[in-house]
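The chain contents come next:
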Amino acid sequence: MHILAVTQYTHSQLDQLFTRADELRNYSSPKQRKELAELHKGRQLCSLFYEPSTRTRLSFEAAAVKLGMGVVSTENAREFSSAAKGETIEDTIRVLDAYNFDIIVLRHHETGAAARAAKVSQTPIINAGDGKGEHPTQALLDAYTIYRQFGRLDNLHIVMGGDLANGRTVRSLAQLLSSYPNNRITFVSMPELQIGEDIKDVLKASKTAFQETIDMSSAFKTADIVYWTRLQKERLADPSTLPTDGFVLDPEILTHLPAHAIIMHPLPRVDEISPLTDSDPRAKYFEQAGNGLYVRMALLDQIISKRII
Ligand code: NCD
């Protein structure tokens, strides 16, 4: 079973994943942690990252280690693997496949790279971000964070802002939320960085209401969730051509946000959320990152437990 896109998850699979994440977060005493570290002893994860990462790579690797798995990893495969010599992702995966890992976690700079890898791999591939494409496991942990806060994934107004054209997290989360009834999405961004037509088509097909605007304060007034993202400078030919002001979350703009709402961000945050916002009780981005560990433990556990050897 490869994990390439959020749309492959059914609602009941999401429920099971979240239940397992809840169980795993309760293994906290030294005795329980030791017990957990016996669970998948003798299994191995390979993490193959062609793009920078802190949370995704380290939470996957920490998740594997906590479940007793061994980890083999390359953190800058674009420079340090044979990709630098011109090897294709397909050939690299064919070789890793022969090393008999239980799971390969792949982050790549090209959209569709994870799907290409999966085509030649017997080993389950987890897409940890493919260019401007998808970041399904981020959407899973985002949804888990929303579920823990609201107890539901439907009937929500989500304001998504920042670089919606080049960021993959919003693309995955918008698709996931569009599969639940009565969600409404407001995309806040400068027109040059608005959400792609392909995502709008998914929303239209699922009859999820959405709008595009540059007006942050009026979007915030009825929001349950504000999901903010950074400018993806590494994906822009010339970031200096874009105006840098505006679209910053700070205490002043957040006066428009209801008290029950939460503020999320996949991180890393650069300057689009003022550090003054961190003490706002609605700011959940660090908690959200922490949830990533348990969702990824649950994911690895599910993949390994179902695998027949
Ligand atoms: C995101 C990514 O890599 O797409 N980071 C992450 O995994 N939390 C967001 C980003 O880099 O802006």
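Parameters and conventions
- Residues numbered from 1 in each chain as written.
- Predicted model: local features only at pLDDT ≥ 70, side-chain atom pairs only at ≥ 80, totals over all residues.
- Heavy atoms only, no water.
- Helix = DSSP H or I, 4+ residues; strand = E, 2+ residues; numbered from the N terminus.
- Expected span 1.5 Å × (residues − 1).
- Buried < 20%, exposed > 50% of the residue type's maximum accessible area, 1.4 Å probe, protein only.
- Contact = heavy atoms within 4.5 Å.
- Pairing = 2+ DSSP bridges.
- Axes fitted to C-alpha atoms, helices over the stretch in contact; angles between N-to-C directions.
- Near = heavy atom within 4 Å.
- Polar contact = N/O pair within 3.5 Å; in protein donor to acceptor, adjacent residues only side chain to side chain.
- Areas by Shrake-Rupley, 256 points an atom, 1.4 Å probe, with all protein chains shown as cover.
- Nonpolar A, V, L, I, M, F, W, Y, C, P; charged D, E, K, R; others polar.
- Domains from an automatic or database assignment.
- Buried area = accessible area lost by both parts, 1.4 Å probe.
- Salt bridge = Lys/Arg side-chain N within 4 Å of Asp/Glu carboxyl O.
- Core = buried A, V, L, I, M, F, W, Y, C linked by side-chain atoms within 4.5 Å.

1. Quick notes on helix H3 (residues 55-66)
- When the terminal C-alpha atoms of H3 are compared, their 16 Å separation across 12 residues agrees well with the 16 Å that a helix rising 1.5 Å per residue should span.
- Of all the residues in H3, the buried ones are Thr56, Arg57, Ser59, Phe60, Glu61, Ala63 and Ala64.
- Gly68 lies just past H3 and shows a positive phi near 90 degrees.

2. Considerations on helix H8 (residues 169-178)
- By the criterion of burial, H8 is predominantly enclosed, with 10 of the 10 residues buried.
- Turning to H8, its buried residues number three or more, namely Thr169, Val170, Arg171, Ser172, Leu173, Ala174, Gln175, Leu176, Leu177 and Ser178.
- Looking at the buried positions of H8, the neighbouring elements they touch are helix H1 (11-25), helix H7 (136-150), strand S5 (157-161), strand S6 (184-188), helix H9 (197-205) and strand S8 (225-228).

3. Quick look at the sheet that holds strand S1 (residues 44-49)
- One open sheet holds the four strands; their spatial order is S2-S1-S3-S4, and the pairing between them is parallel. Lying at the two open borders of the sheet, with one neighbouring strand each, are strand S2 (70-74) and strand S4 (125-130). Strand-to-strand twist of the sheet, defined as the mean angle between neighbouring strand axes without regard to direction, takes the value 15 degrees.
- Relative to S4, strand S3 (residues 103-108) runs parallel, the two sharing four bridges. In the strand pairing of S4, Ile104 is matched with Ile125.

4. Examining the sheet that holds strand S9 (residues 262-264)
- If you walk across this open sheet you meet the five strands as S7-S6-S5-S8-S9, and the pairing is parallel. Looking at the sheet topology across the chains shown, the edges are occupied by strand S7 (209-213) and S9. For this sheet, the mean angle separating the axes of adjacent strands, direction not counted, is 20 degrees.
- Packing against the sheet, H8 makes contact with S5, S6 and S8, and its axis sits at approximately 165 degrees to S5.

5. Some points on the site of the ligand
- The local shell around the ligand consists of Thr56, Arg107, His135, Gln138, Arg168, Thr169, Arg230, Gln232, Pro266, Leu267 and Pro268.
- Thr56 is positioned such that a nitrogen or oxygen atom in its side chain is 2.9 Å from an oxygen atom of the ligand.
- One of the backbone N or O atoms of Pro266 is found 2.9 Å from a nitrogen atom in the ligand.
- Contact with the protein chains removes 94% of the 320 Å² of surface that the ligand exposes when unbound.
- When the residues that make up the shell around the ligand are grouped by side-chain class, the tally is three nonpolar, five polar and three charged.

6. Focus on the domain arrangement of the protein chain
- Per the domain assignment, the segments of the protein chain are domain 1 (6-134 + 289-305) and domain 2 (136-284).
- Here the C-alpha centre of domain 2 lies 25 Å away from the C-alpha centre of domain 1.
- Taken together, the 30 residues of domain 1 in the interface contact 25 residues of domain 2.
- Looking only at domain 1, the three residues that lose the most surface to domain 2 are Val6, Phe18 and Lys132, adding up to 27% of its buried area.
- Between the two partners, domain 1 and domain 2, sit three salt bridges.
- With its nearest N and O atoms 2.9 Å apart, the salt bridge here joins Arg235 to Glu51.
- At the boundary of domain 1 and domain 2, one finds 14 residue pairs in polar contact (both at pLDDT 80 or more).
- Put simply, the parts of the chain that give the side of domain 1 that touches domain 2 at least two residues each are H1, H3, S3, S4 and helix H11 (285-306).
- For the side of domain 1 that touches domain 2, the per-class residue count stands at 11 nonpolar, 10 polar and nine charged.

7. Quick look at the pattern of salt bridges
- Per the stated rule, a full pass over the model turns up 19 salt bridges.
- Here Arg43 ties to Asp102 by a salt bridge, and the two come within 2.6 Å at their closest N and O atoms. Here the residue Arg43 occupies a position in the loop between helix H2 (30-36) and S1, and Asp102 occupies one in the loop between helix H5 (89-98) and S3, the gap between them amounting to 59 residues.
- A relative accessible area of 15% places Arg43 in the buried class.
- Here Arg152 makes a salt bridge to Asp154, at a shortest N to O gap of 3.9 Å.
- Assessed through its relative accessible area of 29%, Arg152 is described here as partly exposed.

8. Focus on the side chain of Gln232
- For Gln232, the location among the structural elements is in the loop between S8 and S9.
- On the basis of relative accessible area, Gln232 is assigned to the buried category, the value being 10%.
- If sequence neighbours within four positions are ignored, Gln232 has contacts with Asp163, Asn166 and Gly167.

9. Details of the nonpolar core
- If you look at the biggest cluster of nonpolar residues, it comprises 55 residues, and the most contacted ones within it are Met160, Leu176, Phe187 and Leu300.
- Top element by residues in this core is H11. It accounts for eight residues.
- When residues of this core are assigned to domains, at least three fall in each of domain 1 (6-134 + 289-305) and domain 2 (136-284).

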